[in-house]
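# Coordinates in review
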Amino acid sequence: MPTNAYVPHAQGYVDNEGPKVVSSRFIHDDSHTLERALATDAYEGMKIALGMAPHEVAALVKDAVLLGRGGAGFPAGIKWGFMPPVWPRYLVVNGDESEPGTYKDRLLMENDPHQLIAGCVITCYALGLNQCFLYVRGEMALAQERIAVALNEAYEAGLVGKNINGTDVSIDVVLHWGAGAYIVGEETALIESLEGNRGMPRLKPPFFPAAKGLYMKPTIVNNVETLANLGWLLQNGPESYKTYGSETSPGTRMLAISGHVNRPGVYEVEQGKVTFRDLFYGDNYCQGIRDGNELKAFIPGGGSAPWFFPDQLDLPLEARPVGAAGSMLGSGAIVVMDDTTDAVKATLRLVRFYARESCGKCTPCREGTAWEEKVLQRILDGHGRPQDIDLLLEIGNNISPGPYPVASFDSQSLEAIPFPPKQTTICPLGPSSVAPITSAIRRFRHEFEEKIEAAVAARNAGDQDD
Amino acid sequence: MTDTAPTEATTGVPFTLNGKDLEAKDGELLIEAAERNGVHIPRFCYHPRMESVGMCRMCLVEVDTGRGPGLQPSCMLTVTPNMLVNTESESTKAAQDGVLELTLINHPLDCPVCDKGGECPLQDNAFAFGPGESRFVEEKRHYEKPIPISDLVFLDRERCILCDRCTRFADDVAGDPLIHFIDRGNQTQVNTFPGLPFSSYFSGNTVQICPVGALTSKPYRFTARPWDLAENESTSTVDSTGARIVLQSSQDKLVRILGVDSDAVNWSWLSDKERFAYEATNAESRLHDPMMDTSGALESVRWNAALGAAVNALALAPSKIGVIGGARMSVESQYAWAKMLKGLAGIDNIDAQLGDGIDAEAIMSLPRATIDEAAQPGGVIVLVGIDPKEDLPTLYLRLRHAVVKDGASLIEMTPRATGLSEFASARIHTQPGSLGVIAQSLGTGMVGTSVAGVSARQLTDASKLLKSKRPVTVIVGRGNLAERDGYTVAALKSLRSGFPEAKFLSALRRGNIHGALEMGLTPGLLPGGQPLDTEIDGWITTPAERGLDTEGILRSAVKGEISTLLLLGSDPLTDYPDRNLVREAFDAVTNVVSVDAFLTESSQRANVVLPTTLAGESAGTFLNLENRLSPIRSKVTGPGQTRDDWMIAADIAAVAGGDLGFSTVSEIREEISALIPTFADIDWSEVDAAGDGPLIASSPLVGSDLRTSGADYSVPVPSGDYGLRLVVDRKMWDLGTMVNESASQSQLHTEAYAGLASADATRLGVFDGDKVAVTAGDHQASLAVKVIAGLPAGSVHIPFRLPGFDPGEAISASFPVNEVAVEVESS
């Protein structure tokens, strides 16, 4: 059994040293089968939960301070408490993981679907509801297939459906395949899509899912990884759970690290105990920057997060300090850029993603992201103008008014602006496109200027030739 | 008049707007509360008659609810106590500036050639709140320039700012979700689904609510500039809903009709038939001169010659004259004709309905509901007979909203599924001839057994709703022209006795039919629903005895007892259901005098044709189906020598040596108020002021016993084993004169078809589109089959006045129900 190394069966997963809450089965080739799940007690936590009163299960989760793993990091137990006593009510599992750089939910769905199904049943039971929708991103064919097979197995084995495990509890889990849109990872857009509409976000308020969600009924939307924790948590109890991680962020979390490190991949890491430096350079983790290059910048929480730089390497991987430093941990996606990276190209790459994925609902995002993309492309094509840099910042200001969150720039004595940004849009997609622009221009303005100056010089030379 | 006092007295929500302490209504949106207090917040996607989506972001304002100031879309924000709102702050202005710059980056600046230029919210907002110039130097988004998305509407996707108004209207209001967003991000566009045009009866509304020039209508495109338009508020006379409209003209020609947001009636919506009706007014084929048949063909003559001939034709004993029509005219004109015919000549053979309505006294004795009362949340609407989507489309939109959004329940008692069926809580689809007995079982509450093919379960469902929900409003119209109105009268009788507190909304569909009935253009009544023996000041006489309705007039004509037919804007030859009877009557009479705007099939047979003005060319008032009085205003002058209808009545009286005693519309109004009790309290200035319009008072008929002589509870036995009972009703677009004379609408009707119940189609072995032979007496036609949901087995649905087959050939007014043979065509 290979340890502290890539797991070939779960491609991209690194089985490093450390406690394993949600990825414990990844090392097995058949981790996705019911056979393995039963052999490794994947449904034990669910059986324990079904033996308790629903409110006791909810209290236990609240006690464990299980933080949501979708990006906002809100405690799941408290979120559950927002549900008014109205039936029907629904659980929706957000498996539309599509934040640039994130692929930990995909691994959880592909490699341990039974752990997730058990988590769904536990949540439904705790919340007194019997209908769960598992929304899986359109592009994740293998995850959809594995979950479909696992659900069939679980229904067959009486672990989901009518009279679960011989009790009088009946809970249905329905698998829904998305049609492929980043925005559907936003919970209200996901609900719209699930209802059969175009995936466009609803305004909160009034459409907070816990009050007016799916079919305008109370709905809890939880992330895949959040629910994957529940089986272990029920089996081992909140006290054991809290022995992992820091006091404010207990447990572990799956981090997807990509980019210019020697050993990129998904790691299960104790929350709040590791710094970015440990992560990038530690032997147990990424083992340094590729080719011995210098670190130029890194994105700590998926494409939507403002960039960090070597100045921020010693921050712990915990929501609050990262937020205060001007970014977010988000969905656990870290992208590392070494000093060979062209900041303008990297910015365009990210902005283009948001421009293409904008749902088209809010004017600032629909028009603004596309404009940003065009300006950046023009600069790279050698048609930049000196005013384009400020123009980019001002377009960003139209989408996200006021000072945009950004990391401190110690050598220039520039202070950090804490997260989150303001927005003129319904959801944060548009403002996300501003993150790379603001970060890159603050830190690497000279790279933009060099390209523009070269373009201006070339144009002037052309004029003289005429 | 209405008891709104208690709701207005409720305490408001205190909030601060730009430093001023104000009160919002409970649950009021910030954008509305600000508007009411004189602060206009710019917007594109917000529309007060549709749900907010918060899409355009134009209405962002700085709001502080105690957590610090932030930008919030005021169209989605309900005012909460002590909210601090600043629409003039720097951050608000920066947001407005930014949103406008972004809205404009892909909007082509083709204002000089854009129909919207000059009345464009985007222009106005850009001017008032925008940055003034663009920093966008890239290539704008390009699409094929206007593409037709329906026969009436063009879409220019380059101009579209994606505000979701048209798409929301199509989906939420009209229920025709045929346009939607496709693609995403900056490539998002509104479009139709491949191969499916936006063929909605209401497509023109999307043009009216488009905040830019992306949607344009075929009839109006490139015909005028907004600053050249003169306008006048009026009422649509196309159907009896009486939708409030604005008539716009350029160079004395009507060029556009827009809907006006009247709370009580049409909420700014119009059907395309109402919206584009002005095209008929402008039609080349309008009659310009009086005409007379002196040598075997109609020729233009001078007015005095034509009037003389008309007077000669009418110089007969009252019983020798039959008058058909009058629903197209204004109330004032109807009064003038009633006074001339009944009060001067003593004629009572007058009927404004053409055998396709319901007994006038039965309708006029019903306790009336308003549209608002019918649409009340929590109430139950009983739809008897008609399909409002086809007959009264604007009323349909109000009813749809009541049922879909406001939680009113709907019981449908119709011969087939209607446009509202999918929202009905109980669907009772009646076979021809069974409406009376089915209503009887509901009225008496004896719903335990099936009645005339309607199951006990359906009846019980309906009965439960009728017992538990209040108010009960019955909307009643004639659902089947091939079935006598006695069944509808029987249904009214049973529903009235079973539910004494129920109110009724008449769905007689012809334009100003309710004005005509109120003014006495119906046998047996004088104006105001008064009996014939009432003495009216200034009237020389009143009819000695009750006259005949249209059927009676035509039968008497066939027998030779009536020798002159006077047609008041009616075309019985094509519009009366029994084709043989009306043909024989026209063959038998000596004189036909027609007062019309067009040479219809009937006026071509006239000896004298008197050309009249149409709504938009003449002023007056309109009485809608709620008995609500609203103004019809003139905007342009009538063509040629046309005269207003009331003038023609006065001229005829004068030539005959009499005097109607008025020479202006206001003099007629004074006389109406003075002489007709139901109009005694009418303040005509209130009618003329823009507003919902007053309801007229109840006549003594209202609440009186139903005239039930026609009530028919007998269920006729089918005559032969191959016979299918005819269900004949109207489509919104048919071969009717006004639609047919409107250039852009004349091609919108479908071909006639034979609608079959799926059981009958199965029995015959035919599918949608297959041809069947329809035989009625000597007439046979080959019609395409259309399998119709909700049509009871044994019925065949053939719409009236569509090309391909005239079901009038198969209808005999002497039969209670009519049948045709439907057979598979031998190939």
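From a predicted model like this one, the values you see are computed outputs, not experimental measurements. (Residues numbered from 1 in each chain as written. Chains lettered and ligands numbered in written order. Predicted model: local features only at pLDDT ≥ 70, side-chain atom pairs only at ≥ 80, totals over all residues. Heavy atoms only, no water.)

### Topic: the packing of aromatic side chains
All names here are of chain A. Summed over all chains, the structure comprises 23 aromatic pairs over all chains. On the numbers, 4.8 Å between centres and 70° between planes, the contact of Tyr13 with Phe26 is edge-to-face. Pair noted here: Tyr13 is in the loop between strand 1 (5–6) and strand 2 (14–15) and Phe26 is in the loop between strand 2 and helix 1 (34–39), with a separation of 13 residues, a long-range link. On the basis of relative accessible area, Tyr13 is assigned to the buried category, the value being 0%. With a centroid separation of 4.9 Å and an interplanar angle of 80°, the aromatic rings of Phe280 and Phe298 are classed as edge-to-face. Highlighted residues: Phe280 in helix 10 (residues 276–281) and Phe298 in strand 9 (residues 295–299), separated in sequence by 18 residues. (Phe/Tyr/Trp six-rings, centres within 6.5 Å; stacked < 30°, edge-to-face > 60°. Helix = DSSP H or I, 4+ residues; strand = E, 2+ residues; numbered from the N terminus. Buried < 20%, exposed > 50% of the residue type's maximum accessible area, 1.4 Å probe, protein only.)

### Side note on the interface of chain B and chain A
Accessible area lost during the coming together of the parts is what is often quoted as the interface size. The partner chain A presents 34 residues to the 33 residues of chain B that form the contact. Taken over both partners, the interface formed by chain B and chain A buries close to 2700 Å², and the fraction arising from carbon and sulfur atoms is 56%. Taken together, the links from chain B to chain A amount to four salt bridges. A salt bridge links Arg135 of chain B to Glu394 of chain A; the shortest N-O distance between them is 2.0 Å. On the surface where chain B and chain A come into contact, there are 16 residue pairs in polar contact (both at pLDDT 80 or more). Where the side of chain B that touches chain A is concerned, the elements lending two or more residues are strand 4 (70–73), helix 3 (90–105) and strand 8 (179–182) of chain B. Broken down by element, the residue count for the side of chain B that touches chain A peaks at seven residues, all from helix 3 of chain B. Looking at side-chain class alone, the side of chain B that touches chain A contains 17 nonpolar, eight polar and eight charged residues. (Contact = heavy atoms within 4.5 Å. Buried area = accessible area lost by both parts, 1.4 Å probe. Salt bridge = Lys/Arg side-chain N within 4 Å of Asp/Glu carboxyl O. Polar contact = N/O pair within 3.5 Å; in protein donor to acceptor, adjacent residues only side chain to side chain. Nonpolar A, V, L, I, M, F, W, Y, C, P; charged D, E, K, R; others polar.)

### Thoughts on the pattern of salt bridges
Residues and elements named next belong to chain B. Under the defined criterion, the tally for this structure stands at 76 salt bridges over all chains. Arg159 is the salt-bridge partner of Asp156, the closest N and O atoms lying 3.5 Å from each other. With a relative accessible area of 9%, Arg159 lands in the buried category. Through salt bridges with shared partners, a single ionic network connects Asp110, Lys145, Asp156, Glu158 and Arg159.

### Notes on the domain arrangement of chain A
Residues and elements named next belong to chain A. Assigned domains of chain A: these are domain 1 (11–241), domain 2 (252–289 + 310–334) and domain 3 (343–465). Centre-to-centre, using C-alpha coordinates, domain 2 lies 25 Å away from domain 3. Each side of the interface is counted separately: domain 2 has eight residues, and domain 3 has 11 residues. Of all residues in domain 2, the largest losses of buried area upon contact with domain 3 belong to Asp311, Gln312 and Gly326, amounting jointly to 57% of the total for that side. In this assembly, domain 2 and domain 3 are joined by one salt bridge. Across the salt bridge formed by Arg443 and Asp311, the nearest N and O atoms sit 3.0 Å from each other. Class assignment of the residues belonging to the side of domain 2 that touches domain 3 gives a composition of three nonpolar, four polar and one charged. (Domains from an automatic or database assignment.)

### Considering unusual backbone geometry
Put simply, Phe419 of chain A and Pro420 of chain A share a cis peptide bond, and its omega is 0°. In this structure, Pro471 of chain B follows Arg470 of chain B across a cis peptide bond, with omega equal to -5°. One non-glycine residue, Asp41 of chain A, lies in positive phi territory at about 65°. Looking at the element boundaries, Asp41 of chain A is found in the loop between helix 1 and helix 2 (44–50). According to the relative accessible area criterion, Asp41 of chain A is partly exposed, its value standing at 33%. A positive phi angle, near 65°, is found at Asn627 of chain B, a position not held by glycine. Inspection of the secondary structure puts Asn627 of chain B in the loop between strand 28 (620–623) and strand 29 (629–632). Judged by its relative accessible area of 11%, Asn627 of chain B falls in the buried class.

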